[in-house]
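What follows is the residue order along each chain.
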Amino acid sequence: GKAVIMPTVNDQAANWQLIVGPYSVDSQEGGGVGYTFEATVGADKWYLDMLHMNSGLSLGQTYPSGTSIGTSVAGHIHMTMGKNLSQTPVAGTNTDCDPNWLPSDFVCK
């Protein structure tokens, strides 16, 4: 039930646009929903994927760094950031294994 706050990138404020979601997260995997956001900071395009949330965000809307966007449904939120991905990410597809995601997932070889 803790607040989920949108992050900065390298200490710079970002405007995070919701590009994917919500998508369901199975209850045996922690429950809640997931969202994927995109922001441009300088010349780089950043992506942020967050899971285990309780929120009513709107696709296409922008959420600035520091904005509370919902609450956690588990004792934690999983998040992964990517930089300059080769394709727009779609949860549960091969885009999850783009090498420009920061390492976090065990499903990619």
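Our structure's up above, just so we're on the same page.
Not measured: the values here are computed from a predicted model.

1. Points about the overall build of the protein
Along the protein, the regular secondary structure elements total zero helices and seven strands. Shown N-terminal to C-terminal, the secondary structure of the protein runs as helices and strands in the order β-β-β-β-β-β-β. A globule of 109 residues ought to have a C-alpha radius of gyration of about 13 Å, and the protein, at 13 Å, matches this closely. The principal-axis extent of the C-alpha atoms belonging to the protein is close to 35 × 35 × 20 Å. Buried positions account for 39% of the 109 residues belonging to the protein.

2. With respect to the nonpolar core
Met 6, Trp 16, Phe 37, Met 50 and Ile 69 are the most contacted members of the largest nonpolar core, which totals 19 residues. Considering every element that reaches this core, the biggest residue donor is strand β3 (residues 33-41), with five residues. Once residues lying within four places of it in the same chain are set aside, the contact partners of Ile 69 are Val 4, Met 6, Phe 37, Met 50, Met 53, Ser 55, Leu 57 and Tyr 63.

3. Examining the environment of Gln 61
Here Gln 61 lies in the loop between β4 (44-54) and β5 (62-64). In this structure the C-alpha to C-alpha distance between Gln 61 and Lys 45, which are 16 residues apart in sequence, comes to 17 Å. Residues in contact with Gln 61, not counting those within four places in the same chain, are Trp 16, Gln 17 and Leu 18.

4. A short note on the side chain of His 52
Counting through the fold element by element, His 52 comes out in strand β4. Looking at His 52, the relative accessible area reads 2%, which means it is buried. Within the structure, the side chain of His 52 is placed 3.0 Å from the backbone oxygen of Gly 31, a separation counted as a polar contact.

5. Some words on unusual backbone geometry
Cis geometry marks the peptide bond from Gly 21 to Pro 22, where omega comes out at 0°. Take Pro 22: it is sitting in strand β2 (residues 15-24). We note that Asp 11 has phi near 65°; this positive angle belongs to a residue other than glycine. Inspection of the secondary structure assignment puts Asp 11 in the loop between β1 (3-5) and β2. The exposed category is assigned to Asp 11, whose relative accessible area is 77%. Even without being a glycine, His 52 presents a positive backbone phi close to 70°.

How each quantity is defined
- Residues numbered from 1 in each chain as written.
- Predicted model: local features only at pLDDT ≥ 70, side-chain atom pairs only at ≥ 80, totals over all residues.
- Heavy atoms only, no water.
- Helix = DSSP H or I, 4+ residues; strand = E, 2+ residues; numbered from the N terminus.
- Rg over C-alpha atoms; globule rule 2.2 N^0.38 Å.
- Buried < 20%, exposed > 50% of the residue type's maximum accessible area, 1.4 Å probe, protein only.
- Core = buried A, V, L, I, M, F, W, Y, C linked by side-chain atoms within 4.5 Å.
- Contact = heavy atoms within 4.5 Å.
- Polar contact = N/O pair within 3.5 Å; in protein donor to acceptor, adjacent residues only side chain to side chain.

All quantities given are derived from atomic positions and should not be read as evidence of function.
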